[in-house]
Amino acid sequence: MKLLFVENHRVFAQTVIDQFLANHEVVLVTTIAEAKRRLSHAFDAVLVDYDLPDGKGTEVVRALRAIGFGGKIVAVSSREEGNEELRSAGATAICSKKDFRAIGAALR
């Protein structure tokens, strides 16, 4: 799968990519602005954090849904309320940062 991973903590993101997403092609971006510039690219799924340096990840989720993205959008916040906000905005699954072993199931 080709994944867009919207996460501002690069060390955390690289650990997740190395340990749990190594079998996927992952494009890592750290801001909403970067994510929006990538929306025209074809991705199978998107992983979105809630707290980003330039706003909330809900903005990315809404932008994806506005352009008709029909793939999986996985909320990946460490905060339950952040994940619920992302789901309310249109995310289709949740995988807490505390339980990244479940990311494979969230992507299916």
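Structural notes, computed from the coordinates. Quick caveat, the model's predicted, so the values are computed rather than measured.

The rules behind the values
Residues numbered from 1 in each chain as written. Predicted model: local features only at pLDDT ≥ 70, side-chain atom pairs only at ≥ 80, totals over all residues. Heavy atoms only, no water. Pairing = 2+ DSSP bridges. Helix = DSSP H or I, 4+ residues; strand = E, 2+ residues; numbered from the N terminus. Right-handed = clockwise from strand over helix to strand, strands pointing away. Contact = heavy atoms within 4.5 Å. Buried < 20%, exposed > 50% of the residue type's maximum accessible area, 1.4 Å probe, protein only. Axes fitted to C-alpha atoms, helices over the stretch in contact; angles between N-to-C directions.

Side note on the pairing of strand β6 (residues 72–75)
Then comes step 1: Taken together, the 4 bridges between strand β3 (residues 45–48) and β6 define a ladder with parallel strand orientation. Within β6, the position partnered with Ala45 by the bridge is Lys72.
Then comes step 2: Pairing of β6 with strand β7 (residues 93–94), which is carried by 2 bridges, proceeds in the parallel orientation. Its bridge partner lying in β7, Val74 is registered against Ala93.
Then comes step 3: Once the chain exits β6 it traverses helix α4 (residues 80–89) before rejoining the sheet at β7, and the crossover so formed is right-handed.

Re the environment of Ser77
Then comes step 1: Position of Ser77 among the secondary structure elements: in the loop between β6 and α4.
Then comes step 2: When residues no more than four places from it in sequence are discounted, the contact partners of Ser77 are Val48, Asp49, Tyr50, Gly82, Asn83, Ser96 and Lys97.

Brief notes about the environment of Asp49
Then comes step 1: With respect to the helices, strands and loops of the structure, Asp49 is situated in the loop between β3 and β4 (51–52).
Then comes step 2: When its relative accessible area of 3% is taken as the criterion, Asp49 is described as buried.
Then comes step 3: Residues Asp49 and Glu34 lie 15 residues apart in sequence; the distance between their C-alpha atoms is 13 Å.
Then comes step 4: Every residue in contact with Asp49, bar those within four places of it in the chain, is listed here: Val6, Glu7, Asn8, Gly57, Val76, Ser77, Leu86 and Lys97.

Digging into the sheet that holds β7
Then comes step 1: Strand order across the open sheet formed by 5 strands is β2-β1-β3-β6-β7, with parallel pairing between neighbours. Each edge of the open sheet carries a strand with a single partner, namely β2 (25–29) and β7.
Then comes step 2: Contacts from helix α1 (residues 10–20) reach β1 (2–6) and β2, with the element oriented near 175° to β2.

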